[in-house]
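# Fold and contact review
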Amino acid sequence: MNKLKVIILAAGEGKRMKSKLPKVLHKVGGKTMVEHVIDTANSAGADDICVVIGHGADEVREALEGKNVSLAVQSERLGTGYAVMQAGDFIEDGADILVLYGDTPLITAETINKLLEFHRGENNSISIISAMVDDPTGYGHIIRDKDGSFLRNVEHKDASDEEKLVKEINTGIYCFTGESLKKGLSLLKNDNVQGEYYLPDTLEIILKDGGRVNAMVAESAEEFAGVNSRAQLAEAEAVMRKRINRMYMDNGVTMIDPERTYIEAGAVIGIDTVLLPGVVIEGNTIIGEDCVVGPDSRLTNVKLGNSVKFQYSTAIDSSVGDNSKVGPYAYIRPNCTIGKNVKIGDFVEVKNSGVGDGTKVSHLTYIGDTDAGERINFGCGTVTVNYDGKKKFRTTIGSDVFIGCNTNLVAPVSVGDGSYIAAGSTITDDIPQNCLAIARERQITKKGWTKK
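Let me begin by describing the structure that accompanies this report. Since the structure is predicted, the reported quantities are computational estimates derived from the model, not experimental observations.

Evaluation of the coordinates by the stated rule reveals zero disulfides. No disulfide involves C175; its sulfur sits 16 Å from the nearest other cysteine sulfur, which is in C50. The exposure class of C175 is buried, given its relative accessible area of 0%. Here C380 stays unpaired: no disulfide links it, and the sulfur of C405, its closest cysteine neighbor, is 6.7 Å away. The exposure class assigned to C380 is partly exposed, which follows from its relative accessible area of 28%.

We now examine the side chain of H141. Tracing the backbone shows H141 in strand β8 (residues 140-144). Note on H141: relative accessible area 0%, which makes it buried. Engagement of the side chain of H141 in a polar contact is seen with the backbone oxygen of V166, the distance being 2.8 Å. When sequence neighbours within four positions are dropped, the list of residues in contact with H141 reads P136, R152, N153, V154, E155, H156, A159, E163, K164, V166 and E168.

To continue, consider a positive patch on the surface. A surface patch of like charges, here positive, comprises K309, K325, K343 and K360. Inspection of the secondary structure assignment puts K309 in strand β21 (residues 309-310).

Let us look at helix α6 (residues 201-208). In an α-helix there are 3.6 residues to a turn, and that puts residues three or four apart on one side. For α6, the full list of buried residues reads T202, L203, I205 and I206. Looking straight down α6, one finds that the buried residues subtend no more than 165 degrees of arc, so they occupy a single side. Among the residues trailing α6, G210 stands out with phi positive, at a value near 95 degrees.

Attention shifts here to the environment of V292. With respect to the helices and strands, V292 occurs in strand β18 (residues 292-293). Residue classification places V292 among the partly exposed residues on the basis of a relative accessible area of 26%. With 18 residues separating them in the primary sequence, V292 and F310 have C-alpha atoms 6.3 Å apart. Beyond its immediate stretch of four places on either side in the chain, V292 contacts V274, L276, V308, K309 and F310.

All right, on to unusual backbone geometry then. Both trends apply: most residues other than glycine have a negative phi, and most peptide bonds are in trans. Residue P295 is bonded to the preceding G294 through a cis peptide linkage, with omega at 5 degrees. Structurally, P295 can be placed in the loop between β18 and β19 (298-300). Along the chain, G327 connects to P328 via a cis peptide bond; the corresponding omega equals 5 degrees. Phi is positive for N335, close to 65 degrees, though the residue is something other than glycine. Examined against the element boundaries, N335 turns out to sit in the loop between β25 (331-332) and β26 (337-338).

Another aspect to go through is the packing of helix α5 (residues 178-186) against α6. At a closest axis distance of 9 Å, the pairing of α5 and α6 adopts a crossing angle of 110 degrees. The orientation of α5 with respect to α6, classified from their angle, is roughly perpendicular. Residue-level contacts link S180, K183, G184 and L185 of α5 to T202, I205 and I206 of α6. Here the residues of the contact of α5 with α6 are counted per class, giving three nonpolar, three polar and one charged.

What counts, and where the lines are drawn
Residues numbered from 1 in each chain as written. Predicted model: local features only at pLDDT ≥ 70, side-chain atom pairs only at ≥ 80, totals over all residues. Heavy atoms only, no water. Disulfide = S-S within 2.5 Å. Buried < 20%, exposed > 50% of the residue type's maximum accessible area, 1.4 Å probe, protein only. Helix = DSSP H or I, 4+ residues; strand = E, 2+ residues; numbered from the N terminus. Polar contact = N/O pair within 3.5 Å; in protein donor to acceptor, adjacent residues only side chain to side chain. Contact = heavy atoms within 4.5 Å. Patch = residues over 30% accessible without salt bridge, like charges linked within 9 Å, V, L, I, M, F, W, Y side chains within 5 Å. Areas by Shrake-Rupley, 256 points an atom, 1.4 Å probe, with all protein chains shown as cover. Salt bridge = Lys/Arg side-chain N within 4 Å of Asp/Glu carboxyl O. Lys, Arg positive; Asp, Glu negative; His and termini not counted. Charge placed at Lys NZ, Arg CZ, Asp CG, Glu CD. Arc of directions from axis to C-beta. Axes fitted to C-alpha atoms, helices over the stretch in contact; angles between N-to-C directions. Parallel < 35°, antiparallel > 145°, perpendicular 65-115°, else oblique. Nonpolar A, V, L, I, M, F, W, Y, C, P; charged D, E, K, R; others polar.

Here is the structure:
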C-alpha cells in the first residue's frame, strides 16, 4: 500500500471573518479548525502531514507546536495550485498525496478512507470528492460522459447554461499520485484574469497526459463546507455539536435537550450520566458514571467521580470525588480537590484548596488557599481570610472540626482535629486538637437603653 501524505492548505486570511485571528485558528467544538483537519488526517492513517501557512504564520506555527507536522510557508496568495507548490519538497513519487483545507473542519476520517479505497481501487492518477447539492452556483461542476465517467471540471462562471444545471459539484478535495501531482504542478499556468495558479486545472493536464481522473460522490455535502464568515463558523459549530452529542448518546449518556448541551471534542463521559439543559463541558473534562450535571452548569478541565450531582454551578481545573454534591450556584476555581461524599452548597466559592471526604460546606462560604480535612462542618458565612493586601497565606483545618457560622479564619492559621469554633469568631491564633475556640466580645445587654 502506498504511503499517505497529506497537504493541508491553511494560509488564507479570511477577510470575511473580520478578525485579528488567522481564520484557521478559530475554534469549532473547542478545537481550532486546522487542528480538526490534522487530527482527522491522522485518524485516516496519514504517514506525513504538511501544513501550508501564510497569513498569521507565526500564530499558526505556535498553535501547531507539538502536532508532529511539517510546515511550508506561502508568501504570496496566488491560488490553490501555488499553495500546493510551496509543499513541493514534501511530494513524493510512489505516495498518495491528499489535499485538504484548514477551514473545512467537518470532514471525517471515514470519508477520507472511502476516497483512498476508491482512488487505489480504480488506480486513478487523481481522485476527486464530489457531492450533490441543490444549488451548485459558485462551485465547479463535475461533467461526466454518458457512461458516467469523468470528463472535466467546469467552474460555474465558465459553464454553459446546460452545465450550470449539473448538481454534482467539486468539493476541492483531491487525492493524487505523487507523480501526477508533480507533473500537474510543473505544467500549471496562471494565464487567467486573476493571474493565479488553480489546482483544479491539474485535472485537465493529467487527463491530456493519459492519466485516469474520476470523482467519488460523497453521501453528504455537509462535510466539505468551508468556513469563511462568522455565520458559517456558527453553522459548522452546530454540525460539530450535533455529531459530538450523538456520539456520547450512542455511548450511554442521556441528554435531556441536546440542542442546549455543549461538549467540546475530547471530553470523556461515563455511562448513565445525565446532562440537563444548559450544560457546557470544555477542555479535557472527565465525568464518571451515574452523574447528574446541570442544568446551566459549566465544567472546564474538571474531573468528576461517579454519582456526582452538579447543578447550576461552575468548576475549572479541579476535581470532585464520588457521590459529592455541588451547587446550586457554587464556584470551584482552579486547583481544587474536592473529596468523596462532600457537599459544596449554594453560593460557596472554593479556590486553590483541598476539601476532604465527608466535609459539608453548605452555603455562603469562601474557602481560599486552604487544606481542609475530613468530616468538617463549615457553618454558613465562614471565610478563610487568605490575603493581607500583599501576600496570600494558607489555612490548615484538621478532620472532625465544627466551625460555627460567620467565622473568619485569618491565615496563616491552623485548626487541630476535633476542635470546635464558636459562631461569630475571628480566629487569628492556631487552635490545638479537641479544643473549643471563642474569639468574640462577651455580650452585654443594657436594659432601658432604647428609652434613654
